[in-house]
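# Geometric and topological summary
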Amino acid sequence: MKKQIRTFQVFPNIPHSLAFLETLSRNLWWCWHMEAVELFRRVNPRLWGGTGGNPLLFSTYISQEQMERAASDKSFLAHLEQVRERFEAEVSTPLERKDGLSANQDVVAYFSMEFGIHESLPLFAGGLGVLAGDHLKAASDLSLPLVAVGLLYRQGYFRQYLDNEGWQQEEFPDTNLYHLPIRKVRGEDGKKLIITIPSPDGDIKAAAWKVQVGRIPLYLMDTDLGDNSQHIRNITARLYDSDPNIRMKQEVLLGIGGIKMLEALNIIPSVCHMNEGHCAFAGLERLTQEIGRNNIDLKTAMEVVKRSTVFTTHTPVAAGHDEFTMDMVKPLLDIYAGRLGVDVNEVASWGRVYPENPDSPFSMAVLALNMSNYCNGVSRLHGKVARRMWNHVWSGLPVEEVPISHVTNGVHIPSWLSFENATLFERYLGPEWHLHSLDRDLLDGINDIYDEELWRAHEMNRTRLIRTCRELMVRQFGRRSAPKSVMREAETVLDQDALTIAFARRFATYKRANLLLHDIDRLEALLKSEKYPIQFIFAGKAHPKDNEGKELIRRLVHFSQRTGMAHRFIFLEDYDMHLARHMVRGADVWLNNPRRPFEACGTSGMKAAVNGVLNISILDGWWDEGYAPERGWCFGGSEDEYPDPNYQDVVDSAALYNVLENEVIPCFYERKGGGVPVRWVRMMKESIKMTMKSFCSHKMVEEYEKRFYLPAAHNHARLLKDNASEARRIQARVSTLKSKWNQIKIELPQQITTGPFRVGNSVALTTKVFLGELSPDDVDVELYFGEVRTTDDIESGFVNPMNVKEDLGNSFYLYETTVNLGFSGRYGYTARVTPKGDTSIKYIPKLITWAESSV
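Bear in mind that the values here come from a model prediction, so they are computed numbers and not experimental data.

### Remarks on the pattern of salt bridges
In the structure shown here, the tally under the stated rule is 53 salt bridges. The partner of E551 in a salt bridge is R555, with the nearest N and O atoms 3.3 Å apart. Here R555 and E551 lie together in helix α22 (residues 547-560), a separation of 4 residues that amounts to about one turn. R555 gets classed as partly exposed once you look at its relative accessible area, which sits at 40%. Among the salt bridges present, the one from K699 reaches E703, with a minimum N-O distance of 3.9 Å. One end of the pair, K699, and the other, E703, are both in helix α28 (residues 697-740), 4 residues apart, so they sit about a helical turn from each other. Through salt bridges with shared partners, one network takes in E401, D780, E782, R832, K836 and K842.

Given below as structure tokens:
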């Protein structure tokens with residue numbers, strides 16, 4: 001029989017003068033402030049590195065003698081006081097917000113399946129989580145009234161290691177909760193807060209925890225409780241569990257449990273922001289709460305919830321969105337159908353990929369789209385891809401009008417900037433540069449940095465990266481019991497002065513990590529060059545079930561084992577935020593070669609760019625917006641896309657080698673008199689300015705606030721005012737539109753002006769419309785016209801409003817409009833009827849009628 005034990009934790013007895021260290025260690029604010037990181041590090045630099053930069057683990061091993069020594073060190077105490085004052089100003093002191101959301105009236109609830117704030121809090125798998133972490137950090141800097149909701153995973157995402165054949169293996173170590181800056185959330189009775197979530201397999205009970213991220217509270221739920229069955233306890237064991245039943249329950253817990261937890265904390269969000277479709281079940285619970293709290297019916301509650309919800313999609317591939325069979329999800333929907341007082345098929349239709357098909361899978365993304373008035377992709381190009389992908393949700397609407405916009409992702413610059421660059425920024429831009437990175441005058445200060453200073457800072461970062469690579473390679477080979485000769489070689493991999501190109505990201509097939517391997521001869525020629533040495537560093541994880549991704553890793557590792565290659569071509573195991581910081585700071589070039597347009601954004605390139613690392617990338621994701629020849633390189637554009645993916649890879653590989661050989665390498669080694677590469681440094685500065693101006697998380701969060709959070713919060717207050725009178729009015733109008741819409745008929749427009757036409761002319765058109773029981777005040781009648789390349793297809797059409805010319809009686813109306821002809825070409829036109837109103841009414845799915853030959 002296994003022994004049962006109880007445990008307790010013993011921490012150092014911190015001297016009174018150092019008491020602030022304990023406060024600091026329990027707020028992740030420290031991880032994006034260099035001076036705070038340095039404060040911990042200077043107590044014991046070796047121990048700080050050995051504990052992974054985790055203040056709580058660090059404090060467990062620090063000796064009492066070292067604590068006492070620090071407490072009597074005047075320099076250390078002065079440093080501590082400086083950090084404390086900044087902490088008080090940026091965390092504890094309320095910041096008056098002249099514009100934007102009101103901290104007293106509005107709360108944004110930000111839901112995400114993962115949060116990547118620091119590697120010591122392992123709640124993330126990759127870019128989605130790191131983006132969410134950067135969102136919270138920027139929200140803290142901007143004092144945004146936001147709370148975050150996620151899950152506390154006991155094992156988190158997997159740790160990666162490779163076997164002797166280069167095949168990825170996974171391990172899932174348990175996380176020691178005592179080493180995390182979390183605390184249990186307690187209810188008003190002082191007892192541990194437990195949330196109960198309905199489930200077909202029995203109630204799910206979850207404990208609530210809290211992490212402080214600067215000013216922002218992050219609430220996490222954990223099902224590893226004795227009252228739960230083992231199956232339910234496993235819900236929060238691993239991030240993105242491969243068992244679909246566990247995966248669905250994770251999303252039930254995140255969405256439904258998250259809203260329930262906030263209610264238990266007396267936090268009633270005026271806005272909900274769903275970071276990917278995993279959170280979409282939040283809408284169901286929010287509906288039930290709005291109905292109960294405001295005494296309104298379901299249809300009215302739907303108007304309130306939808307108009308105060310934001311949905312951000314990050315996935316440009318349909319297969320990447322979670323779908324569940326109706327057999328799996330129906331028992332849960334039955335519960336909510338009963339609570340909402342409707343048939344289960346109606347609830348199911350909100351998430352079905354094809355609502356009319358009862359066997360259609362239940363899509364979390366479709367549910368999120370139907371529950372949100374504000375939907376966006378994460379780059380300009382991804383917005384276009386998302387509109388095309390989800391066009392069927394708004395059947396009949398031209399793809400360019402699908403109501404999915406974009407907010408391009410940004411990165412939290414202080415979290416990713418190197419110490420050396422941060423020091424230069426403070427000297428040339430001022431101590432609070434990170435709070436004003438959008439200031440144009442501030443950006444001009446980048447030009448004032450001496451070329452040699454910036455280059456020496458970068459060389460220091462490259463040296464640090466190479467030292468880290470050597471340490472990791474020795475560790476990797478040691479784990480595989482490699483012979484001593486191999487271990488000695490690992491200690492000297494890479495050259496301090498060679499052009500260093502990094503590739504680090506998730507190993508999905510569309511990211512094409514093996515693109516360089518399409519021409520082995522050219523690759524070997526580059527790597528063996530003594531005149532212009534070049535080296536490559538690869539890192540990244542494949543999903544545990546993605547054998548194709550694992551095969552990409554294996555091929556890279558096998559190539560690195562060729563004679564003469566190991567010194568300049570390496571793969572680093574277990575890519576995480578710690579390694580990412582070294583790579584985005586120390587590489588010379590950041591390589592990105594996805595198959596266009598499957599990269600939603602790709603924020604790692606932004607993190608590199610703000611450190612002066614130059615990007616070479618396909619024109620996909622953010623680089624489609626950021627590229628300019630003075631700040632980096634591109635290869636492969638929209639005009640170079642081919643239907644055969646294998647041929648596409650061959651073309652893009654050749655283009656990549658051409659850019660490397662003819663542009664990148666000559667530019668890097670262009671050194672007059674052996675000095676600084678002036679043209680390269682000039683590009684570094686342009687890269688830095690671009691990122692600070694256009695791709696920082698402050699800009700991103702401010703855009704979310706202005707475009708989505710503010711109008712959504714205004715909607716929530718306005719619609720519920722006066723016993724929800726406005727919400728009821730809108731609901732009544734929507735119900736009328738839906739019930740009467742099938743009566744509408746519209747005739748193909750007729751030309752009043754005859755041709756031929758020339759640029760500068762105008763053409764008048766009319767159309768006859770039958771509105772049935774609706775009136776012209778209820779609808780917009782619009783001419784839709786544009787260039788045609790086939791007889792029945794208008795490409796990228798334009799909308800011109802039509803006005804009532806004559807009431808023909810019996811619900812028939814004659815509409816007219818005039819179109820100015822600004823360009824030559826062949827044009828087509830038709831007409832349509834849509835609801836009159838804002839986007840939430842105008843683009844109600846299925847409420848669009850196109851012209852027919854006769855009415």
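Once you've had a look at it, read on.
### A short note on the state of the cysteines
Under the criterion given, the structure shown has 0 disulfides. Left without a disulfide partner, C279 is nearest to the cysteine sulfur of C272, which lies 9.7 Å away. C634 forms no disulfide, and the closest cysteine sulfur to it belongs to C667, at a distance of 15 Å. Its relative accessible area of 22% is what places C634 among the partly exposed residues.

### Details of helix α5 (residues 64-71)
Of the residues making up α5, those classed as buried are Q66, M67, A70 and A71. For α5, the angular spread of the buried residues around the axis is 140 degrees, confining them to a single face. Buried residues belonging to α5 abut α6 (74-92).

### Things to note about the pairing of strand β8 (residues 216-222)
Among the 7 residues that make up β8, 7 are buried, leaving the element largely enclosed by the rest of the structure. Side-chain alternation along β8 places I216, L218, L220 and D222 on one buried face and P217, Y219 and M221 on a second face that is also buried. The pairing of strand β7 (residues 204-213) with β8 spans 7 bridges and is antiparallel. Paired with Q212 across the strands is P217, a residue of β8. Hairpin connection of β7 to β8: 2 residues between the antiparallel strands, including G214 at a positive phi of 65 degrees.

### Re the environment of H231
With respect to the element layout, H231 can be found in helix α8 (residues 230-233). With relative accessibility at 34%, the residue H231 sits in the partly exposed group. C-alpha of H231 to C-alpha of N245: the two residues are 14 residues apart in sequence and 9.8 Å apart in space. The contact partners of H231, leaving out residues within four places of it in the chain, are I246 and K249.

Rules and cut-offs
Residues numbered from 1 in each chain as written. Predicted model: local features only at pLDDT ≥ 70, side-chain atom pairs only at ≥ 80, totals over all residues. Heavy atoms only, no water. Salt bridge = Lys/Arg side-chain N within 4 Å of Asp/Glu carboxyl O. Helix = DSSP H or I, 4+ residues; strand = E, 2+ residues; numbered from the N terminus. Buried < 20%, exposed > 50% of the residue type's maximum accessible area, 1.4 Å probe, protein only. Disulfide = S-S within 2.5 Å. Arc of directions from axis to C-beta. Contact = heavy atoms within 4.5 Å. Pairing = 2+ DSSP bridges.

Coordinates in, geometry out; function isn't part of it.
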